[in-house]
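Residue strings, one per chain:
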Amino acid sequence: MNVILSALVPVTFIISIGMIAGRTLTLERSTLSQLAVYILTPALISSSLYQARLSTDSTLGLIIGYLITCLLIYGVSLGISKLLRLKSGMETSFIATSLFANTGNMGLPFATFALGEAGLDRAIVCLIVSSLIIFSTGPALLQGGGLRDSLRLIVRLPLIWAMIAGLVLRVFSIDLPLRLDNGLDLLGSAAIPIALIVLGIQLSTTTFKIGLYEGVTAIIRLLVAPAIAYSVGRSLGLEVLDVQVLILQSAMPTAVNTVVLVTQFGGDASWAARTVVVSTVMALVTLPLVLWVTLML
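Rules of the game
Residues numbered from 1 in each chain as written. Predicted model: local features only at pLDDT ≥ 70, side-chain atom pairs only at ≥ 80, totals over all residues. Heavy atoms only, no water. UniProt positions renumbered as here; feature names shortened; annotations may be inferred. Helix = DSSP H or I, 4+ residues; strand = E, 2+ residues; numbered from the N terminus. Buried < 20%, exposed > 50% of the residue type's maximum accessible area, 1.4 Å probe, protein only. Areas by Shrake-Rupley, 256 points an atom, 1.4 Å probe, with all protein chains shown as cover. Core = buried A, V, L, I, M, F, W, Y, C linked by side-chain atoms within 4.5 Å. Contact = heavy atoms within 4.5 Å. 1 Å grid on protein atoms, 1.4 Å probe; cavity = no way out; pocket = protein on both sides within 12 Å on 5 of 7 lines; lining within 4 Å. Points joined across faces, edges and corners; volume = space filled by probe spheres on them. Nonpolar A, V, L, I, M, F, W, Y, C, P; charged D, E, K, R; others polar. Expected span 1.5 Å × (residues − 1). Disulfide = S-S within 2.5 Å. Salt bridge = Lys/Arg side-chain N within 4 Å of Asp/Glu carboxyl O.

An unreviewed UniProt entry annotates the chain as Transporter originating from Roseofilum reptotaenium AO1-A. Recorded in UniProt for the chain, the comment headed Sequence similarities (unreviewed entry) runs: "Belongs to the auxin efflux carrier (TC 2.A.69) family." The Subcellular location (unreviewed entry) field of the UniProt record for the chain holds the comment "Cell membrane".

Listed below in C-alpha cells is the structure:
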C-alpha cells in the first residue's frame, strides 16, 4: 500500500496544483504544452538514453511488446466499434481514443514514482514507440493519409531527434564538455512536473461527462489494455520489471495529443476531449488497482 500511495499521491498532488492554477491564474496552456513537448521532454529523453543502463534485450522486448499490445488493442476497439455500429467518423475517433495512451505526461511520472529510475528508463522506451505510433498511424487512421504524410509528421517530432541524439551519445560513449550533460539532465527533470501541471490545467477547463462511448473507451484504455499487455509480456518471456512497465504504460488514460489529431485530421473532437477527461479521472481509481496487481508479479 505504501508503494501505491507513494506513486499515486505525488502525481495527484501536482495535477491538483495544475487544476488550481488553471482556475485562479491566467496561464497560456498552449505555451506550457509547447515547452513540455518541444524542449523539456526531448531533453528528458536524450538525457535518459545517454545515461541509461538498459540492456538491448530489454529495449527490444519492450519495443516488440508495446507494438503487439497496440495491435491487439486496435483489434479489440475495431471489433467493439462494429458491434456498436458507429459511423465512420465516430468509429475512427473511438479507435484512436482507445489506442493512444498518455505514456508521456502521465506515464513517465507514474512509472518513476512507482518503479524508480529503472522504471523511468523503460517507460521512455514505451513513450518513444507510442509517439511513433500516434503520429504515424494517427493521421492515416483519422484521415486516410499516406506514408508521406506520416513521415512528415515523424521527422517534425523533436522526440525523434532527441532519441537519435541520446542513442548516438550513448553508443559512441561521447563525453559532453563543460558538464553539458548536467545541464541536459537539469532541463529534462522539469519535464514531468510541467507535464502534470498542463494536464491539471486541461482538466480544470473540460466538462466531466460520462456517456456510453466515453465509458466503453475508458474501460478499454484503463483495464483491457493492461490485461493485454500482461499477456503479451508473459508470452514474450520479458523480465519482471519490463512486464511491469509495459502493463503500467498500457494502463494510462487516453493521450491528450489524440484531441489534436482528431481536430486536425477528422473525427469528433469534442467527444475525444471528453474521453480524455473521463479516462484521466477514472485512471485515478484504476491505476492503484493495476499497480497493486502489477507489484505482485
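S.K.: Which parts of the structure should I look at to understand the overall build of the chain?
M.R.: Each helix and strand counted, the chain has 13 helices and zero strands in total. Its helices and strands in sequence order give the chain the pattern α-α-α-α-α-α-α-α-α-α-α-α-α, from N to C terminus. When the 297 residues of the chain are sorted by exposure, 51% land in the buried category. By element, 67% of the accessible surface of the chain is carried by carbon and sulfur atoms, the whole surface being about 13,600 Å².

S.K.: So what exactly am I meant to see when it comes to the nonpolar core here?
M.R.: General note: in soluble globular proteins, nonpolar side chains tend to be found buried as a group. Within the largest apolar cluster, 70 residues are counted, with the highest numbers of intra-cluster contacts made by Ile45, Tyr66, Leu108 and Phe110. Broken down by element, the residue count for this core peaks at 15 residues, all from helix α5 (residues 107-143). Among residues more than four places away in sequence, those in contact with Phe110 are Ala7, Leu8, Val11, Leu248, Met252, Leu287 and Leu291. One finds Val262, Ala272, Ala273 and Val276 within the second-largest nonpolar core, a separate group that totals five residues.

S.K.: How should the layout of surface pockets be read in this particular structure?
M.R.: Any empty space left between atoms is shown by rolling a water-sized probe over those atoms. For the second largest pocket, the calculated volume is near 310 Å³. Contributing to the lining of the second largest pocket are 18 residues, with Leu49, Thr59, Ile63, Val125 and Leu167 lying nearest its centre. Elements represented by at least two residues in the lining of the second largest pocket include exactly α2 (29-51), α3 (56-83), α5 and α7 (158-171). Across the lining of the second largest pocket, the residue classes tally to 12 nonpolar, four polar and two charged.

S.K.: Would you mind going over helix α9 (residues 191-204) with me for this structure?
M.R.: Residues three or four positions apart in an α-helix share a direction because the helix packs 3.6 residues into each turn. End to end, α9 covers 20 Å across 14 residues, agreeing with the expected 20 Å (1.5 Å per residue, within 8%). Counting buried residues in α9 gives 11 out of 14 residues, a clear majority hidden from the surface. Among all positions of α9, only Ala191, Ile192, Ala195, Leu196, Val198, Leu199, Gly200, Ile201, Gln202, Leu203 and Ser204 are buried.

S.K.: For this particular structure, what's the right way to read the side chain of Thr103?
M.R.: Assignment of secondary structure puts Thr103 in the loop between α4 (88-99) and α5. Those residues within four positions of Thr103 in sequence are excluded, and the remaining contacts are Tyr66, Leu108, Cys126, Leu127, Ser130 and Gln249.

S.K.: When you look at the state of the cysteines in this model, what are you seeing that I'm missing?
M.R.: One way to say it: the disulfide is the covalent bond shared by the sulfur atoms of two cysteines. In this structure the tally under the stated criterion is zero disulfides. No disulfide involves Cys70; its sulfur sits 8.9 Å from the nearest other cysteine sulfur, which is in Cys126. Take Cys70: its relative accessible area is 8%, and that puts it in the buried class. On the basis of relative accessibility, which here comes to 0%, the residue Cys126 falls in the buried class.

S.K.: Is there a simple way to think about the pattern of salt bridges in this case?
M.R.: For side chains of opposite charge, pairing can occur when their charged atoms come near one another. Taken as a whole, this structure holds three salt bridges when the rule is applied. Where Arg122 meets Asp242, a salt bridge forms, and the shortest distance between an N and an O atom there is 2.5 Å. Here Arg122, found in helix α5, pairs with Asp242, found in helix α11 (residues 240-250); they are 120 residues apart in sequence, far enough to count as distant. Of the two residues, Arg122 and Asp242, neither departs from the other in class, the shared state being buried. For the salt bridge of Arg274 with Glu214, the shortest nitrogen-to-oxygen distance reads 2.9 Å. One end of the pair, Arg274, is in helix α13 (residues 269-294); the other, Glu214, is in helix α10 (residues 212-236), with 60 residues separating them in the sequence. With a relative accessible area of 4%, Glu214 lands in the buried category.

S.K.: Please explain the side chain of Ser77 as it appears in this structure.
M.R.: Summarising the element assignment, Ser77 is placed in helix α3. The class for Ser77 is buried, based on a relative accessible area of 0%.

S.K.: For this particular structure, what's the right way to read unusual backbone geometry?
M.R.: Note: most peptide bonds trans; most residues except glycine with negative phi. In this structure, Leu178 takes a positive phi of about 55° despite not being glycine. For Leu178, the location among the structural elements is in the loop between α7 and α8 (180-188).

S.K.: How should I be thinking about the environment of Gly22 in this particular structure?
M.R.: Mapping Gly22 onto the fold places it in helix α1 (residues 2-24). For the pair Gly22 and Ile197, spaced 175 residues apart in sequence, the C-alpha to C-alpha distance is 8.8 Å. Residues contacting Gly22, with those up to four places away along its chain left out, are Ile201 and Ser204.

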